[in-house]
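# A look at the structure
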Amino acid sequence: GSAFSICMNTVALLFVAEIDDQAFASLGEDTRSEVVELGGTTVTAADKRLVDVVCQICHVSIPIVVMGGVALKMGGQGGEILVFGVYALPFMLCGFMSSVWIHTSKSSASGSGAVWRGACCRGVLKALLGLLSFYVFFFIAFALIVPLELMFS
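These numbers come from a predicted model, not from an experiment.

A few words now on the overall build of the protein. The number of helices and strands found in the protein is 6 helices and 0 strands. Put simply, the protein runs from its N terminus to its C terminus through helices and strands in the order α-α-α-α-α-α. Within the protein, contacts between residues separated by at least 24 positions form 54% of all contacts whose residues are at least 6 apart in sequence. On the protein, roughly 11,400 Å² of surface is accessible, and the fraction owed to carbon and sulfur atoms is 73%.

Let's shift gears to the pattern of salt bridges. Across all of its chains, the model carries 1 salt bridge by this definition. The partner of Glu29 in a salt bridge is Arg32, and the shortest N-O contact between them spans 3.0 Å. Here Glu29 and its partner Arg32 are both found in helix α2 (residues 29-38), 3 residues apart, which amounts to about one turn of the helix. Taking relative accessible area as the criterion, Glu29 reaches 53% and is therefore assigned exposed.

What follows is about the environment of Ile64. Residue position: Ile64 is located in helix α3 (residues 45-75). The exposed category is assigned to Ile64, whose relative accessible area is 52%. Spatially, the C-alpha atoms of Ile64 and Val86 are 9.7 Å apart, while their sequence positions differ by 22 residues.

It is worth spelling out a nonpolar patch on the surface at this point. The grouping of Leu129, Leu132, Val136, Ile140, Leu144 and Ile145 at the surface amounts to a nonpolar patch, some 580 Å² of accessible area in total. Residue placement: Leu129 occurs in helix α6 (residues 113-152). The exposed category is assigned to Leu129, whose relative accessible area is 53%.

Let us now look at the side chain of Ser61. Considering the arrangement of structural elements, one finds Ser61 in helix α3. We classify Ser61 as buried; its relative accessible area is 6%. Setting aside anything within four residues of it in sequence, one finds Ser61 in contact with Pro90 and Leu93.

Here is what the cut-offs are and how they apply
- Residues numbered from 1 in each chain as written.
- Predicted model: local features only at pLDDT ≥ 70, side-chain atom pairs only at ≥ 80, totals over all residues.
- Heavy atoms only, no water.
- Helix = DSSP H or I, 4+ residues; strand = E, 2+ residues; numbered from the N terminus.
- Contact = heavy atoms within 4.5 Å.
- Areas by Shrake-Rupley, 256 points an atom, 1.4 Å probe, with all protein chains shown as cover.
- Salt bridge = Lys/Arg side-chain N within 4 Å of Asp/Glu carboxyl O.
- Buried < 20%, exposed > 50% of the residue type's maximum accessible area, 1.4 Å probe, protein only.
- Patch = residues over 30% accessible without salt bridge, like charges linked within 9 Å, V, L, I, M, F, W, Y side chains within 5 Å.

Now the structure itself:
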């Protein structure tokens, strides 16, 4: 996108955040205190470790994917399908890792081969689901953005 488009999207997000703040401020004191008291969630130590692992995967894979995609595109190698497929890699890695992590941490015999095979099978399925969700999201966003660009051009 252009710099103007980025600026306008930023202004729109700030506007939505301001509306959210105003809506929360307009609530009564009793309702606000209830939301503050009961609105949180509990996060276990295992959940925190999983979030840390997924964050590390994203911190490593996203820059590699972006730079790799740009290098493939600029080098003219691989074609459009390969470049387009590279961008789904972080979704697939996060889905695979979270599935393996959760499945092996729940099992009492996490060292056995059957547990790891089951965890890896679930991880592969979750990775494919991540790939599918990436393409669905991409095509929905593409279907919404292209008509807007055509309308304003």
